[in-house]
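Here is what each chain is made of, one letter per residue.
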Amino acid sequence: MTSLRSKVFCQAARICNHLPVFLNTFLVFSITGEVSYLVLVEAPLEAEQQKSEWSGWWKAVHLLSQYFMLANICWNALLFVKTNPSIKGVFLGGDGLGQGWRYCYTCETHTPPRCSHCFDCKVCVLRRDHHCVFFGQCVGFRNYRYFLSCLLFMWSGLLYAVVMNAEVFMVILKEGVTLHSILLLLVPWIMLVSGQVSARAFAFAFIADTCVVGFLLVSAFFFFHLILLCRGQTTREWYSSRRPYSLGLLENLRHTLGLRWYLCWLCPLIPSPMPGDGIHFQVTGSLEPTR
């Protein structure tokens with residue numbers, strides 16, 4: 001009985017760990033489908049424009065843009081998950097342990113500066129930034145580029161979706177700011193269950209709301225990590241007033257995104273070798289806390 005209960009608990013924990021990934025995937029493809037529908041069917045709204053050559057080019061440009069962003073989001077997310085950021089398979093070296101090295105009693109090994117143990121991944125991660133619950137993976141030295149590029153295209157994609165859904169908000173509010181329109185925007189589920197709106201109106205309102213909320217959340221994450229990138233810090237180092245690893249903006253970009261930092265954000269397949277190894281770092285100041 002105890003064994004069965006343990007198996008059920010482990011299976012439930014595994015499902016919960018993957019649930020954010022499935023939810024993110026569902027929302028990304030739902031938003032893409034809804035915006036594609038808006039481009040192909042709802043816009044342009046004028047009958048004369050819908051038959052013009054300009055309309056065909058307009059739709060083609062919009063579809064190419066959104067699927068370019070979707071492909072980058074999916075490919076960067078896949079490479080982020082597939083790239084192992086941990087110390088597994090990495091020769092850390094046992095001689096000449098310098099300043100900033102620590103001993104991990106869980107992994108039973110010495111770990112370099114900026115490396116820390118993740119109790120979710122159950123391993124130490126090189127230049128660990130944080131554990132991303134949305135992907136079930138740690139953000140570290142080897143996969144930070146894919147994480148930041150994924151955030152970039154999620155941010156731009158959601159901004160694009162919010163702009164395209166402006167017409168949806170205008171249609172909902174066309175009769176003025178009424179109780180019905182406010183409830184449809186704030187709690188579309190309740191309006192659907194109570195029979196106040198159709199399934200089509202609910203779907204448009206729900207996805208439009210998701211775009212706005214998602215854009216605000218992703219904006220906060222994205223710009224926070226841009227600030228960290230400029231400061232040469234990780235999320236774990238954010239609270240420190242010292243910046244011993246900051247080498248200036250250009251060098252911070254090179255050491256975070258690779259030698260081709262100016263191109264790698266365009267496509268995850270563009271090679272951008274890292275100048276370091278995630279073990280040894282250039283230091284511009286003391287690692288010891290000031291007293």
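Nothing here was measured: the structure is a model prediction, and the numbers come from that model.

Peer 1: Give me the environment of glutamine 66: which residues, what numbers.
Peer 2: The topology assignment puts glutamine 66 in helix α3 (residues 53-82). The exposure class of glutamine 66 is buried, given its relative accessible area of 6%. Along the backbone, glutamine 66 and serine 156 are 90 residues apart, and their C-alpha atoms lie at a distance of 9.5 Å. Contact partners of glutamine 66, with chain neighbours within four places excluded, come to Thr32, Val35, Ser36, Val39 and Tyr160.

Peer 1: Describe unusual backbone geometry, naming the residues involved and giving the relevant values.
Peer 2: You will see that glutamate 108, though not glycine, has its phi angle at about 55°, which is positive. Of note, glutamate 108 is situated in the loop between β1 (102-104) and β2 (109-111). Phi is positive for arginine 127, which is not a glycine, with a value near 45°. Along the polypeptide, arginine 127 turns up in the loop between β4 (123-125) and β5 (130-132).

Peer 1: If you had to explain the pattern of salt bridges to someone new, which residues and values would you point to?
Peer 2: Applying the stated criterion across every chain yields a total of 2 salt bridges. For the salt bridge of glutamate 237 with arginine 114, the shortest nitrogen-to-oxygen distance reads 2.9 Å. Placement of glutamate 237 in the loop between α8 (199-231) and α9 (249-257) and of arginine 114 in the loop between β2 and β3 (116-118) is noted, with a sequence separation of 123 residues between them. We classify glutamate 237 as buried; its relative accessible area is 18%. Taking the relative accessible area as the measure of exposure, arginine 114 reaches 11% and is therefore buried. Note that arginine 254 and glutamate 251 form a salt bridge whose closest N and O atoms lie 2.9 Å from each other. Placement of both arginine 254 and glutamate 251 in helix α9 is noted, with a separation of 3 residues, approximately one turn of the helix. Residue classification places glutamate 251 among the partly exposed positions, given a relative accessible area of 28%.

Scoring rules and cut-offs
- Residue positions are given per chain, counting from 1 as you read along its sequence in written order.
- Only residues with pLDDT of at least 70 get local features here, since the model is predicted, and only at 80 or more are side-chain atom pairs given and counted; chain-wide, interface and lining totals rely on the full set of residues.
- Derived side-chain values reflect all non-hydrogen atoms in the structure, with water molecules and hydrogen atoms excluded from consideration.
- In this text, helices come from DSSP runs of H or I with a minimum length of four residues, and strands from runs of E with a minimum of two, each type numbered from the N-terminal end.
- Residue burial is assigned from relative accessible area. The probe radius is 1.4 Å, only protein chains are included, and a residue is buried under 20% of its type maximum, exposed over 50%, and partly exposed in between.
- Residues count as neighbours in contact if any of their non-hydrogen atoms are within 4.5 Å of one another.
- A carboxyl oxygen of Asp or Glu within 4 Å of a side-chain nitrogen of Lys or Arg is what we treat as a salt bridge.

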